[in-house]
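Residues per chain, in single letters:
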Amino acid sequence: MTTSSIPGYRLGDTTLPKSPLTKDDLATLKTTLLFGDADVAALRQAHGVVEDQVEAILDVWYGFVGSTPHLLAYFSDAKTHQPLGAYLDAVRKRFGQWILDTCRADYDEAWLAWQDEIGRRHHRSGKNRTDGVSAAPHIPMRYVLALAVPISVTMKPFLAKKGHASAEVEAMHAAWSKAVLLQAILWSRPYAREGDF
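Residues numbered from 1 in each chain as written. Predicted model: local features only at pLDDT ≥ 70, side-chain atom pairs only at ≥ 80, totals over all residues. Heavy atoms only, no water.

Undergrad: Give me the lowdown on the nonpolar core, citing residues and values where you can.
TA: Counting residues in hydrophobic clusters, the biggest one holds 60 residues, and the most contacted among them are Trp-61, Trp-98, Ile-99, Tyr-107, Met-155 and Trp-176. With ten residues, helix α10 (residues 166-187) is the largest single contributor of residues to this core. Beyond its immediate stretch of four places on either side in the chain, Trp-176 contacts Leu-43, Trp-61, Trp-98, Ile-99, Thr-102, Cys-103, Ile-151, Ser-152 and Met-155. (Core = buried A, V, L, I, M, F, W, Y, C linked by side-chain atoms within 4.5 Å. Buried < 20%, exposed > 50% of the residue type's maximum accessible area, 1.4 Å probe, protein only. Helix = DSSP H or I, 4+ residues; strand = E, 2+ residues; numbered from the N terminus. Contact = heavy atoms within 4.5 Å.)

Structure, rendered in structure tokens:
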């Protein structure tokens, strides 16, 4: 599947609003997370490890969300409370691409703009608009941040599946966890008052 065939996928879309964060802001945030060049290299290595495991990874994540009622509610009809299958499928395609993007991010202005857009899609300012659904209109920030843990912890077994040395697996997993937290932090920007982020 090419990225152009994923509905709602907009990394690199020049019509996205520019992020208010500068590359210097991003650099200081990465420094605070101890995220450096070695992590970028480990993520590039992880790409080759996980690229043929994306569907299996998504099965784990979707299994978790699907078995956790308070999370599944954000993918369910706001009136009937029934899961919206087409919405879950559309998000799954973007989520799968996000795994690969996380491993090969350029951390440029286009990437920052896309992170801002992803944040809006969780927040009441943009939730449901991309897919035109009637799901819960807002995901509380506490869940946006908390989900960094299951998305990080559950990745390690997949990183270990290709026979890499344990030190390489640990490095890829540490880099993945930092990258996930970095993005969750960026996604929380629409939740903050002007000047508070």
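Moving on from the model shown.
Undergrad: Explain the pattern of salt bridges to me, and be specific about the residues and the numbers.
TA: Counting across every chain of the model gives eleven salt bridges. Its salt-bridge partner being Arg-92, residue Glu-55 comes within 2.8 Å of it at the nearest N-O pair. Residue Glu-55 is found in helix α3 (residues 54-66), and its partner Arg-92 is found in helix α5 (residues 85-103); the two are separated by 37 residues along the sequence. Looking at Arg-92, the relative accessible area reads 16%, which means it is buried. Residues joined in a network through salt bridges with shared partners are Asp-116, Glu-117, Arg-120, Arg-121 and Arg-189. (Salt bridge = Lys/Arg side-chain N within 4 Å of Asp/Glu carboxyl O.)

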